[in-house]
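# Residue-level structure breakdown
Next come the chains, spelled out residue by residue.
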Amino acid sequence: MNTLSSPDGTTIAYDQMGEGPAIVLLPGGSVDRMSNASLAAELAKDFTVYNVDRRGRGDSTDTLPYAVEREIEDISAVIEAAGGSAHLYGSSSGAGLAMHAAADGAPIDKLVLWEPPYNLNPRPELADAAKVFHDLVAAGKRDEAVEHFMGTVVGLPPEFLAGARQSPFWEGQVKIAHTLEYDATVMGDYSMPVELARSIAVPTIIGDGSASMPFMRETVDRLAELIPSAARVTLDGQQHNVDGPVLGAALREFLAA
Amino acid sequence: MSTVISRDGTRITYDRVGSGPAVILVDGSLSSRSAGLNAGLAAQLATQFSAYIYDRRGRGDSGDTLPYAVEREIEDIDGLVEAAGGAAHLYGVSSGGVLALDAANRLGTKITRLAVYEAPFVVDDARPPIPDGYPEQMQKLITQNRRGEAIDLFMSKGIGMPGWMVFMMRFLPFRAGQKALAHTLPYDVAVMGDTQSGKPLRAQRWASITAPTLVVAGGKSRTWMRNGQLALADILPNAEHRVLDGQMHIVKAEALAPMLIHFFSDGTRLPTEPDLAKGIDR
């Protein structure tokens, strides 16, 4: 594990592994860098991988108040440590964050997006998600914040949530609950970010799984049209929670091309 | 984050929070420093103790050396005890509690006090036992790198989660993190040994434990789980049994911490009293 200090003093932890061109990995909502561990291991065959704990997660520290700009500074600092430019990969809402970093002009060689969870159809129940998460965590109701994420954002039924509280993963989710607000802030109202997508100037690979939800596939179709220099790929049999080694093998091929 | 090198050369990564007598916290299945029950508990204990949470071998930032043996994990705990000054209290949750029992049995007086929360023993017919062939099935799935199926097997046959819930688990983002830990599922299967077969526990496995031991069950936990804790306290040489009102297997740190602080404090106050007295005399 390595660490660096972001401009606002926050410690950003990351694992560096492999040798080759640099690629920086960003996790999505409710997870830390362990969610990209198997992807990182596969990519390390061809790349120098920087598998990052976004602020507030894992071994990174946090500095309030949260702003997307601070996370873009974190990404730029990691890219700086990687030699000044790098590929940038983001998964789910981490892909949303990667889009913001690219639009902001971070020195990205190629941008790789896996299923940014935007929606063609409005989802009014998500419009105030960041505030809901913020208020629940501020009130000490972290369990309810996790339930709001799994129930309202992911869309799992109440019966599942009741059982989930008694599953081994629950406390890990509670521990990271304060970052749910951050991903909701990144995603805005979860509607299609037309201007953001159009402003991305770097070559982009955007991928989805053939077994993913229909809305997700339509979103990726639309983003691939909006982003000026986008190549759209589909991994057979994969869903939103993509298998790291499968995605890694595909990216080794796509990024070499 | 700090590291200690275990006897077989494996790097064990740990965090220490707080100051005071050392308490080492042991995770159960599919858990690590960043994903598990113990980080929150360590924060609670840190007011009075040096609380150590660590990545068990094969997890998070720790290394791994094959072949696996429970004895290696006991050596890992021994390494942490040495890093903590040569003696420590030990706490384990779920299958981590069983590992803590084995470690206390082996490490003798190095473990000053031992606490276990809900070691998942199946000692009677209050739930179906872990099926025959479960360890082999788990090992086969991991050997074939079928990590998702290994997790499904653990959730369904190990925990007893209904199939539709097991299916929905696949749609949550932490799935990848669980897959990254899945190869350690057979490790916890090895730790559990024959203790989930529906038969009484064998007292001789932990007959050498000298440390005063606290066995805790959740007041809202399933009957089979509560029966297992009663059975454990019954066979241990020096154990007391407590029920934590309102809690289930995934215990809340704020609920458990006061009980642990009380138990561990009693154990440490006595040896330090002469030192304190000397200080006052002077």
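Model, not experiment: these values are computed from the prediction. Within each chain, residues carry numbers counting from 1 in the order of the written sequence. Key to labels: chains lettered from A, ligands numbered from 1, both in the order written. Selection of residues for local features in this predicted model requires a pLDDT of at least 70, selection of side-chain atom pairs for listing and counting requires 80 or more, and totals for whole chains, interfaces and linings are taken over all residues.

### Structural notes on the overall build of chain A
What chain A contains, in helices and strands, is 11 helices and 8 strands. Between the two quantities, the radius of gyration covers C-alpha atoms and the globule rule is 2.2 Å times the number of residues to the power 0.38. Scaling as 2.2 N^0.38, a compact globule of 257 residues should have a C-alpha radius of gyration of about 18 Å, and chain A matches this with 17 Å. Counting only C-alpha atoms, chain A reaches 45 × 40 × 35 Å along its principal axes. Taking contacts inside chain A between residues at least 6 apart in sequence as the whole, the part at least 24 apart equals 73%. Labels follow the DSSP assignment, with helices taken as runs of H or I lasting at least four residues and strands as runs of E lasting at least two, numbered in each case from the N terminus. Each residue gets a C-beta atom placed from its backbone, and two residues are in contact if those atoms lie within 7 Å.

### Side note on helix 4 (residues 129-138) of chain A
Residues and elements named next belong to chain A. Residue burial is a threshold on neighbouring C-beta atoms within 10 Å of the residue's own C-beta, all placed from the backbone, with 20 or more meaning buried, 12 or fewer meaning exposed, and counts in between meaning partly exposed. Restricting attention to buried positions, one finds in helix 4 the residues A129, A130, V132, F133, H134 and L136. The elements touched by buried residues of helix 4 are helix 5 (142-154) and helix 8 (180-187). Within two residues after helix 4, G140 carries a phi angle of roughly 80°, on the positive side.

### Details of the sheet that holds strand 4 (residues 48-52) of chain A
All names here are of chain A. In spatial order, the strands read 1-2-4-3-5-6-7-8; together these 8 strands make up an open sheet with mixed pairing. The strands lining the two open edges of the sheet, one partner per strand, are strand 1 (2-5) and strand 8 (230-235). Across this sheet, the average inter-strand angle for adjacent strands is 25°, counted without regard to direction. In the packing of helix 2 (residues 68-81) onto the sheet, contacts are made with strand 1, strand 2 (11-17), strand 3 (22-26), strand 4 and strand 5 (86-91), and the angle to strand 2 comes to roughly 40°. The axes used here are C-alpha line fits, helices contributing only the stretch in contact, and every angle between their N-to-C directions lies in the interval 0 to 180 degrees. The strands that helix 11 (residues 244-256) touches are strand 5, strand 6 (108-114), strand 7 (204-209) and strand 8; relative to strand 8, the one it contacts most, it runs at about 145°. Only when DSSP finds a minimum of two bridges between them are two strands counted as paired.

### A few points about unusual backbone geometry
In the segment running from L64(A) into P65(A), the intervening peptide bond is cis, with an omega of 0°. Looking at the element boundaries, P65(A) is found in the loop between strand 4 and helix 2. That bond from L66(B) to P67(B) is cis: its omega, 0°, falls within 30 degrees of zero. Following the sequence through the fold, P67(B) ends up in the loop between strand 4 (50-54) and helix 2 (70-83). Phi at E115(A) takes a positive value of approximately 45°, unusual for a residue other than glycine. For E115(A), a count of 27 C-beta atoms within 10 Å corresponds to the buried category. Of note in the backbone geometry, Y190(A) takes a positive phi value of approximately 70° without being a glycine. Inspection of the secondary structure assignment puts Y190(A) in the loop between helix 8 and helix 9 (194-198). Owing to 22 C-beta atoms within 10 Å, Y190(A) belongs among the buried residues under this scheme.

### Observations concerning the environment of A86(A)
Residue and element names in this part refer to chain A. Assignment of secondary structure puts A86 in strand 5. On the neighbour-count criterion, A86 (25 C-beta atoms within 10 Å) is buried. Among residues more than four places away in sequence, those in contact with A86 are A22, I23, V24, I79, I108 and D109.

### Focus on the interface of chain A and chain B
Listed by partner, the interface residues are 31 residues for chain A and 30 residues for chain B. Put simply, the parts of the chain that give the side of chain A that touches chain B at least two residues each are helix 1 (37-43), helix 5, helix 6 (158-164) and helix 7 (170-175) of chain A. The element contributing the most residues to the side of chain A that touches chain B is helix 7 of chain A, with 5 residues. Across the side of chain A that touches chain B, the residue classes tally to 11 nonpolar, 15 polar and 5 charged. Residues are grouped as follows: Ala, Val, Leu, Ile, Met, Phe, Trp, Tyr, Cys and Pro are nonpolar; Asp, Glu, Lys and Arg are charged; all remaining types, including Gly, are polar.

### Concerning the domain arrangement of chain B
All names here are of chain B. What fixes the domain bounds is an automatic or database domain assignment. If you check the domain split of chain B, you get domain 1 (2-125 + 196-281) and domain 2 (134-189). Taken together, the 10 residues of domain 1 in the interface contact 10 residues of domain 2. Among the residues making up the side of domain 1 that touches domain 2, the classes are represented as 3 nonpolar, 5 polar and 2 charged.

### Some points on the domain arrangement of chain A
Residues and elements named next belong to chain A. According to the domain assignment, chain A contains domain 1 (2-120 + 192-256) and domain 2 (124-184). With centres defined by C-alpha atoms, the gap from domain 1 to domain 2 works out at 23 Å. A class-by-class count of the residues in the side of domain 1 that touches domain 2 yields 1 nonpolar, 5 polar and 2 charged.

### Digging into the pairing of strand 7 (residues 213-218) of chain B
Two faces make up the sheet, and in a regular strand the side chains alternate between them. Residues and elements named next belong to chain B. By the criterion of burial, strand 7 is predominantly enclosed, with 6 of the 6 residues buried. Judged by which residues are buried, strand 7 turns out to be covered on both faces: T213, V215 and A217 on one side and L214, V216 and G218 on the other are all buried. The pairing of strand 6 (residues 111-117) with strand 7 spans 4 bridges and is parallel. Among the inter-strand pairings, V116 is bridged to a residue of strand 7, identified as V215. Here strand 7 runs beside strand 8 (residues 239-244); their pairing, made up of 6 bridges, is parallel. Note on strand 8: the bridge partner recorded for V216 is R242.

### Remarks on the confidence of the model for chain B
Summary statistics for chain B give a mean pLDDT of 92 and a share of 94% for residues scoring 70 or more. In predicted models, pLDDT denotes the confidence assigned by the predictor to each residue on a 0 to 100 scale. Considering only residues more than four positions removed or in separate chains, one finds that residues 268-282 of chain B, a stretch of pLDDT under 50, has 1 contact.

### A closer look at the environment of G28(A)
Within the secondary structure, G28(A) is located in the loop between strand 3 and helix 1. A residue is classified by how many C-beta atoms lie within 10 Å of it, and G28(A), with 27 of them, is buried. For the pair formed by G28(A) and R123(A), sequence separation is 95 residues and the distance between their alpha carbons is 19 Å. With residues up to four places along the chain from it excluded, the contact list for G28(A) reads S91(A), S92(A), S93(A), G94(A), D183(A) and P173(B).

### As for the nonpolar core
Any nonpolar core is a set of buried residues, restricted to Ala, Val, Leu, Ile, Met, Phe, Trp, Tyr and Cys, that join up through C-beta atoms within 7 Å. Core analysis: the largest hydrophobic core is formed by 161 residues, its most contacted members being V24(A), L88(A), A98(A), V23(B), I24(B), Y52(B) and L80(B). Top contributing element to this core by residue count: helix 3 (residues 95-107) of chain B, with 7 residues. Those residues in contact with Y52(B) that sit more than four places away from it in its chain are Y14(B), R16(B), A22(B), V23(B), I24(B), L25(B), L80(B) and A84(B).

### Brief notes about the pairing of strand 1 of chain A
Residues and elements named next belong to chain A. Pairing analysis gives 4 bridges linking strand 1 to strand 2, with the strands arranged antiparallel. What sits directly across from S5, in strand 2, is T11. Linking strand 1 to strand 2, which pair antiparallel, is a turn of 5 residues; within it G9 sits at a positive phi near 95°.

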